[in-house]
Amino acid sequence: MNRARRPVIAGNWKMNKTASEAAQFCRDLKARLGDPLPSAPEVILFPPFTALPAVAHEMNGSAVAWGGQNLHWEESGAFTGEISGRFLAELGCRHVLVGHSERRALFGETDETCGRKVAAAVRSDLVPVLCCGESPVERDAGYTLSIIQAQLDTALMGSAEIPVVVAYEPVWAIGTGRNATPEQAQEVHAFIRQWLAGRFSPAFGAAARVLYGGSVKPDNVADLMAQPDVDGALVGGASLDLDSFVKLVRVPSA
Ligand code: PEP
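Residues numbered from 1 in each chain as written. Predicted model: local features only at pLDDT ≥ 70, side-chain atom pairs only at ≥ 80, totals over all residues. Heavy atoms only, no water.

Colleague: Explanation requested: the overall build of the chain in the structure shown.
Modeller: Across its full length, the chain carries 11 helices and 8 strands. At 17 Å, the chain has a C-alpha radius of gyration in line with the 18 Å of a compact globule built from 254 residues. Reported as C-alpha extents along the three principal axes, the dimensions of the chain are approximately 45 × 45 × 35 Å. Per-residue burial over the chain gives 53% buried out of 254 residues. Of the contacts made within the chain by residues no fewer than 6 positions apart, 72% connect residues no fewer than 24 positions apart. Of the roughly 11100 Å² of accessible surface on the chain, 55% is carried by carbon and sulfur atoms. Charge-centre separation for the chain: the mean point of 23 positive side chains lies 4 Å from the mean point of 28 negative side chains. (Helix = DSSP H or I, 4+ residues; strand = E, 2+ residues; numbered from the N terminus. Rg over C-alpha atoms; globule rule 2.2 N^0.38 Å. Buried < 20%, exposed > 50% of the residue type's maximum accessible area, 1.4 Å probe, protein only. Contact = heavy atoms within 4.5 Å. Areas by Shrake-Rupley, 256 points an atom, 1.4 Å probe, with all protein chains shown as cover. Lys, Arg positive; Asp, Glu negative; His and termini not counted. Charge placed at Lys NZ, Arg CZ, Asp CG, Glu CD.)

The following block contains the structure:
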């Protein structure tokens, strides 16, 4: 972690928590967090779409932000079952996940659709949190960095600087209980930062936040975030439990 970049702790709830369960979690979270310290990390919740209004209602005026787990690349139209960036922005979202590995593996998202979604997010004034990461086979074959490069090349086309957060989420670490070692994470994060510096500018690369995701828990977050290029965590399972999420939020400012 580099103190010049504000750390981020983000919770990806996936398809968990109804609106009322989400509202209760938010009330409890507010009570547990109290008044945030100036040095506290930026906290972002990514609930299911149906829980966004409840989260917005509960967290309005707090230091905690919320965002969507996905968006469509068009603003509106005949896209049954889809949600656009404009809908998310109206609910007070400031961020949106793009290209989570579950969306890539289960719902056919590609680097190309991720690129369209990144552009759509920016058009709606949302900060895309672009997820990238290699499969276990790709890591074992030594292709990790070239896979990350290909994912970034296609999803972040063009040279115009855009507000973007990148989340490195090795597929073999998501929901498996097997997190990347701090050194493995650092190697890829440094590569992502270098890529961002090359694509946009050195200042952009230096300021960009790169999060790690994959089995982050209260007992491993500090070691991961001690790495110079790890600016925070995108957390799935451990963000669903109030105690562990509160611990995760507290660690970066400890
Ligand atoms: C995720 O869903 O982005 C994730 C990292 O999940 P988990 O923390 O459960 O591995």
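Colleague: It is not clear to me how unusual backbone geometry should be interpreted in this structure. Could you clarify?
Modeller: Residues apart from glycine generally show negative phi values, whereas peptide bonds are mostly found in trans. A positive phi angle is found at Lys-14, which is not glycine, with a value near 55°. You will see that Lys-17, though not glycine, has its phi angle at about 80°, which is positive. Its place among the elements puts Lys-17 in the loop between β1 (8-12) and α1 (19-33).

Colleague: What is the right way to read the environment of Pro-47 from this model?
Modeller: Structurally, Pro-47 can be placed in the loop between β2 (42-46) and α2 (52-59). Here Pro-47 falls in the buried class, since its relative accessible area comes to 0%. A C-alpha to C-alpha distance of 22 Å links Pro-47 and Asp-231, two positions 184 residues apart in sequence. Here Pro-47 is in contact with Trp-13, Leu-52, Val-55, Gly-67 and Gln-69, once residues within four sequence places are set aside.

Colleague: I'm lost on α1 in this one. Help?
Modeller: An α-helical turn contains 3.6 residues, so any two residues separated by three or four positions project in the same direction. Counted at 1.5 Å a residue, the expected span for α1 with its 15 residues is 21 Å, and the 21 Å between its end C-alpha atoms agrees. Those residues of α1 lying buried are Ala-22, Ala-23, Phe-25, Cys-26 and Leu-29. When α1 is viewed along its axis, its buried side chains cluster within an angular range of 160° and face the same direction. Projecting away from the buried face of α1 at angles above 90 degrees are the exposed residues Ser-20 and Ala-31. Its buried side turned inward, α1 meets β2, α2 and α11 (242-250). In the stretch just after α1, Gly-34 is the one whose phi turns positive, near 60°. (Expected span 1.5 Å × (residues − 1). Arc of directions from axis to C-beta.)

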